[in-house]
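Residue-level listing of the chains:
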Amino acid sequence: MQCAESLRVQAYFDGEVDALTAAEIERHVEHCGECRALLQDLEKMRTALREGVTYAAAPQALRTQILQALDLEDAALASPAVRTKQRSMPQSKGWRGRSFWTGAFSGIGGAALAATIAFFVVMPSVSPLSNELVSAHVRSLMPAHLIDVVSTDKHTVKPWFAGHADVSPVVSDFESQGYRLIGGRADYIEHQRSAVVVYQHGAHVINVFTWSAGGRLPSNTTRSGYHLAFWQQGDIQYCAVSDTGWDELLGLVRLLHEQG
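Residues numbered from 1 in each chain as written. Predicted model: local features only at pLDDT ≥ 70, side-chain atom pairs only at ≥ 80, totals over all residues. Heavy atoms only, no water.

This brings us to the pairing of strand β6 (residues 226-233). Counting buried residues along β6, 7 of its 8 residues qualify, which places the element largely inside the surrounding structure. Summarising the sheet, strand β5 (residues 221-223) and β6 pair through 3 bridges and their orientation is antiparallel. Within the sheet, the bridge partner assigned to Thr 221 lies in β6 and is Leu 228. Once β5 ends, the chain turns through 2 residues before running back antiparallel as β6, passing Ser 224 with a positive phi of about 55°. Bridge count for β6 against strand β7 (residues 236-242) is 7 bridges, and the pairing is antiparallel. Across the sheet, the residue bridging to Phe 230 is Cys 239, located in β7. Counting the residues between successive antiparallel strands, the hairpin from β6 to β7 contains 2 residues, one of them, Gly 234, with a positive phi of roughly 65°. (Buried < 20%, exposed > 50% of the residue type's maximum accessible area, 1.4 Å probe, protein only. Helix = DSSP H or I, 4+ residues; strand = E, 2+ residues; numbered from the N terminus. Pairing = 2+ DSSP bridges.)

Right under this line is the structure:
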C-alpha cells in the first residue's frame, strides 16, 4: 500500500508546504524508504524534463497577430451596442467574455500548465545544502534552540566561536540599520562545526551560517517559505536564511560584505 504521507511528500517536493511541515516530512523521509524513493523518482523526472525538453518560442509574427486580434476584440467589446447586447444575454457556461486566447493564456488550465513547465524545466533543482540549511534554520526557531551565547556585543559573540566552531565569521551589530545582533550558536553544516550569527530584523530572525569553503555554492533561492542568500568571502562561505523579504535580507548581506 502507498504511504499515507506520499501526497504531503509531493507537496514538499513542489515547495508548497510551510517550514514546520517541511521539517516533519524531512524527519519522516529519513525513516520511510518508500517516500525516499518517491522523492528520488520526482527528482529524476524533473532532471529528465529539464535536459530533454527544449523551449520553442512562438514566432514574433504570430504573437503580433494574436495581440492585434485581442486589441480589436477589446475595441468591439467597448462599444455601447455590444455592452447592451451582453447585458441582455444569459451567461453561457462555455466560452464567454474574451476570446479563446485570453482563456488559454490566463485561465486556470493555462496557469497550471505554465506553472508545471516552469517548475520542471526552468527552476533549478534544490540542492541538499539548501535543504540542510532550511532544516537547521527551522530547528533554531524551536524553543531554546536559537542562541548559545546571548549578547548584542560583537566582542562577546565572536570570541565565543573559538573552540565551538571551525570558522571565525564576520560579527557586527547593525542595529542603527535595522539589524540587531542578538547572539550566536554552533551548528553542523557541510559536515563541519558551523558558526551561526543571529540577527533580528523587526519581527524576523535572520540566521547567518558560516563554514569553511568547500564545494560550489548554490544560487540564491527560496525553500519552504524561507529565502537563502549565499556568498563567499575568502575561505569562508556564508548563507543568510530568513522569512523576511528579499530586499531586507540582501540589505544585511551587503552590510556583512562591507564589514568583511
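This part takes up the nonpolar core. Counting residues in each nonpolar core, the largest one holds 26 residues, and the members touching the most others are Phe 161, Tyr 199, Ile 206, Val 208, Leu 252 and Leu 256. Mapped by element, the contributors of at least two residues to this core are α9 (154-160), β3 (192-201), β4 (204-212), β6, β7 and α10 (246-259). Element by element, the count of residues in this core is highest for α10, at 5 residues. Those residues in contact with Leu 252, other than ones at most four positions away along the chain, are Phe 174, Tyr 179, Tyr 199, Ile 206 and Val 208. Membership of the second largest hydrophobic core comes to 20 residues, among which are Ala 136, Val 205, Phe 230 and Val 241. (Core = buried A, V, L, I, M, F, W, Y, C linked by side-chain atoms within 4.5 Å. Contact = heavy atoms within 4.5 Å.)

Attention now goes to the side chain of His 201. Counting through the fold element by element, His 201 comes out in strand β3. Judged by its relative accessible area of 18%, His 201 falls in the buried class. Polar side-chain contacts of His 201 include one of 2.8 Å to the backbone oxygen of Gly 178. Here His 201 is in contact with Gly 178, Tyr 179, Ile 206, Thr 244 and Glu 248, once residues within four sequence places are set aside. (Polar contact = N/O pair within 3.5 Å; in protein donor to acceptor, adjacent residues only side chain to side chain.)

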